[in-house]
Amino acid sequence: MSLGDHAAVVSLIDADWLPGQHHPSRQLPLKPAKRLREAEILVVCKADGEVAGMVDVGVRPADGAGLLVQLHGREDFEIVTALLTVARAHLGQRTLYACTGPATATGIPGLPVERRAVTARALTAAGFSPASAQRYFLRDLTTSPPAPPEYPLADVTPIADPPGWQLELTDTDGHHIATAILRAPTPETADVAVLWQLTVRHAHRRQHIATRLLGQCLRHAAQHGAHHLTADAPDGDIPAARLLAGAGFLPIDTLTVYRRL
């Protein structure tokens, strides 16, 4: 990618914006994926030279797999197919993984297959198949403010890297019951906080502990400037989806990573 292509590439990524995702135009400059060998941003152009698509590629040092980190072609099947062709030529004969970059502020990778069905179809036509999938949820904290927290109240401990908090519930004997990890909203995540983890010890499940702790996460995020809170769960995890839906989260899309052997 040349310096002159930079604005066009950012525009391509912005066109595929997903709720809860930061806009790349707020994070200039755009660079190839870090920590990859042979990292490069490749573009395909129309006959008049206009940039029509981009793919961010590289080789993972750990196992030599080729990664198509980002893939954007304005949902034009021919453009996306051309991007896959140039990416495969650049990466050579190796196992390939597509859409491995974080799709949202959660840091969870994958292609939002419902919003980008044409790209998903092009990947399948090129021999890729789904390797993993996460269901992505978003909770608006401005239109429906969280209710006051229910007891027992969690102990909150700040976390430095990445910035955020650990919320921990204990019983009257001081034994651990449940823990949540909450990432703070930052300029990079565009006022979005992230529910990174929520776990309840097996002996304390089915007692509404997760619901109470999640409610406190919502309240804490809102009090610290978050306009939205995102969360994810493995695709098909019905209990997690019910928990999030009960707290006002909306399912946004399924984030899918693809593989081609």
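Residues numbered from 1 in each chain as written. Predicted model: local features only at pLDDT ≥ 70, side-chain atom pairs only at ≥ 80, totals over all residues. Heavy atoms only, no water.

1. Regarding helix α2 (residues 77-91)
Then step 1. Here α2 is 15 residues long and its end C-alpha atoms lie 21 Å apart, about the 21 Å a rise of 1.5 Å per residue gives.
Then step 2. The N-cap of α2, judged by a side-chain oxygen 3.0 Å from the amide nitrogen of E78 a few residues on, is D76.
Then step 3. Phi turns positive one or two residues past the end of α2, at G92, with a value near 75°. (Helix = DSSP H or I, 4+ residues; strand = E, 2+ residues; numbered from the N terminus. Expected span 1.5 Å × (residues − 1). Polar contact = N/O pair within 3.5 Å; in protein donor to acceptor, adjacent residues only side chain to side chain.)

2. Regarding the packing of aromatic side chains
Then step 1. In the structure shown here, the tally under the stated rule is zero aromatic pairs.
Then step 2. Positioned above the aromatic ring of Y97, the side-chain terminus of R60 is 5.2 Å from the ring centre.
Then step 3. If you follow R183 out to its NZ or CZ, it ends over the ring of W196, 3.9 Å from the centre. (Phe/Tyr/Trp six-rings, centres within 6.5 Å; stacked < 30°, edge-to-face > 60°. Lys NZ or Arg CZ within 6 Å of the ring centre and 35° of its normal.)

3. Quick look at the side chain of H72
Then step 1. By the secondary structure assignment, H72 is in strand β3 (residues 66-72).
Then step 2. Among the polar contacts listed, one links the side chain of H72 to the side chain of D16, at a separation of 2.7 Å.
Then step 3. The contact partners of H72, leaving out residues within four places of it in the chain, are L12, I13, D16, A52, G53, M54, L83 and R116. (Contact = heavy atoms within 4.5 Å.)

4. Overview of the nonpolar core
Soluble, globular proteins show a tendency: their nonpolar side chains are buried together.
Then step 1. In this structure, L167, L182, L195, L229 and F249 are the most contacted members of the largest nonpolar core, which totals 28 residues.
Then step 2. Contributions of two or more residues to this core are made by β8 (164-170), β9 (176-183), β10 (192-200), α4 (209-223) and β11 (228-234).
Then step 3. Counting residues per element, this core draws most heavily on α4, at seven residues.
Then step 4. Ignoring any residue separated from it by four or fewer positions in sequence, one finds L167 in contact with A154, D155, V156, A178, T179, A180, L182, L213, Q216 and C217.
Then step 5. Of all hydrophobic cores here, the second largest spans 24 residues; its members include L71, A122, A126 and F128. (Core = buried A, V, L, I, M, F, W, Y, C linked by side-chain atoms within 4.5 Å. Buried < 20%, exposed > 50% of the residue type's maximum accessible area, 1.4 Å probe, protein only.)

5. As for the pattern of salt bridges
Then step 1. Across all of its chains, the model carries seven salt bridges by this definition.
Then step 2. Of the charged contacts, one joins R37 and E38 as a salt bridge, the two residues approaching to 3.8 Å between their closest N and O atoms.
Then step 3. On the accessibility criterion, E38 (41% relative accessible area) is partly exposed.
Then step 4. Residues E75 and R116 are paired through a salt bridge, measuring 3.6 Å at the closest nitrogen-oxygen approach. Taken together, the residues E75 in the loop between β3 and α2 and R116 in the loop between β5 (111-112) and α3 (117-125) connect sequence positions 41 residues apart.
Then step 5. Among the residues examined, R116 registers a relative accessible area of 6% and is labelled buried.
Then step 6. The network of salt bridges with common partners includes D16, E75 and R116. (Salt bridge = Lys/Arg side-chain N within 4 Å of Asp/Glu carboxyl O.)

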